[in-house]
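So the chains spell out like this:
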Amino acid sequence: MLSGACGQLVSALRGTHAELSAGAQSCLQASASRPSTDKSERTRKPPRAFDPALLQFLVCPLSKKPLKYEASTNELINEELGIACPIIDGIPNMIPQAARMTHQNKKQEEMKQQ
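Conventions adopted
Residues numbered from 1 in each chain as written. Predicted model: local features only at pLDDT ≥ 70, side-chain atom pairs only at ≥ 80, totals over all residues. Heavy atoms only, no water. Helix = DSSP H or I, 4+ residues; strand = E, 2+ residues; numbered from the N terminus. Contact = heavy atoms within 4.5 Å. Buried < 20%, exposed > 50% of the residue type's maximum accessible area, 1.4 Å probe, protein only. Pairing = 2+ DSSP bridges. Phe/Tyr/Trp six-rings, centres within 6.5 Å; stacked < 30°, edge-to-face > 60°. Polar contact = N/O pair within 3.5 Å; in protein donor to acceptor, adjacent residues only side chain to side chain. Salt bridge = Lys/Arg side-chain N within 4 Å of Asp/Glu carboxyl O.

In this section: the environment of Ile77. Along the chain, Ile77 turns up in strand S2 (residues 75–78). For the pair Ile77 and Pro66, spaced 11 residues apart in sequence, the C-alpha to C-alpha distance is 8.9 Å. Contacts of Ile77, omitting those with residues within four sequence positions, involve Leu67, Lys68, Glu70, Ile83 and Ala84.

A two-sided burial pattern is seen for S2, the buried positions comprising Glu75 and Ile77 on one face and Leu76 and Asn78 on the other. Relative to S2, strand S1 (residues 68–70) runs antiparallel, the two being bridged by 3 bridges. Across the sheet, residue Tyr69 finds its bridge partner in S2, namely Leu76. In the sheet, S2 pairs with strand S3 (residues 83–88) via 4 bridges, with the strands oriented antiparallel. Note on S3: the bridge partner recorded for Asn78 is Ile83. Where S2 folds back on S3, the antiparallel hairpin that results is connected by 4 residues, among which Gly82 adopts a positive phi of roughly 75 degrees.

This model, assessed by the stated rule, comprises 1 aromatic pair. Ring geometry for Phe50 against Tyr69: centres 4.9 Å apart, planes inclined by 40 degrees, an arrangement best described as tilted. Note that Phe50 is positioned in the loop between helix H3 (39–44) and S1 and Tyr69 in strand S1, a separation of 19 residues in sequence. A residue is classified by how much of its surface remains accessible, and Phe50, at 6% relative accessible area, is buried. You can call Tyr69 partly exposed: its relative accessible area is 23%.

With that out of the way, let us pick up the side chain of Glu75. With respect to the helices, strands and loops of the structure, Glu75 is situated in strand S2. A polar side-chain atom of Glu75 sits 2.8 Å from a polar atom in the side chain of Arg100. If we skip the residues at most four places from it in the chain, Glu75 touches Lys68, Tyr69, Glu70, Ala84, Cys85, Pro86, Ile87 and Arg100.

It is worth spelling out the pattern of salt bridges at this point. In this structure the tally under the stated criterion is 4 salt bridges. The residue Glu80 makes a salt bridge to Lys65 at a minimum N-O spacing of 3.3 Å. Taken together, the residues span a long stretch of sequence, with Glu80 in the loop between S2 and S3 and Lys65 in the loop between H3 and S1 at a distance of 15 residues. Glu80 gets classed as exposed once you look at its relative accessible area, which sits at 55%. Looking at Lys65, the relative accessible area reads 38%, which means it is partly exposed. In this structure, a network of salt bridges that share partners links the residues Lys68, Glu70 and Glu79.

Shape descriptors only; they carry no functional weight alone.
Below, the structure written as structure tokens:
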């Protein structure tokens, strides 16, 4: 994703006639000399697995309480708050905005029953 954005920036800069510093020019030359990787090359590699040993260091970014690893959904779960943080390529995404609610449906069902 980052390499695609970098490539777009390089293309945009090459299209302009602005004078670039020596550092910027060397950066552009370095990025041009790198082989581009397409999506098919990236998809051939198996995704990295999450190491459950990391659970002794990781805590919920909101409550600072321990998390539980759910292998079936590949998420780190905070049951108290009812949120699940996704794990992408073996790396937990601990940004609160990326988490999904897990208890929301249960709470809605309880409200409807009352």
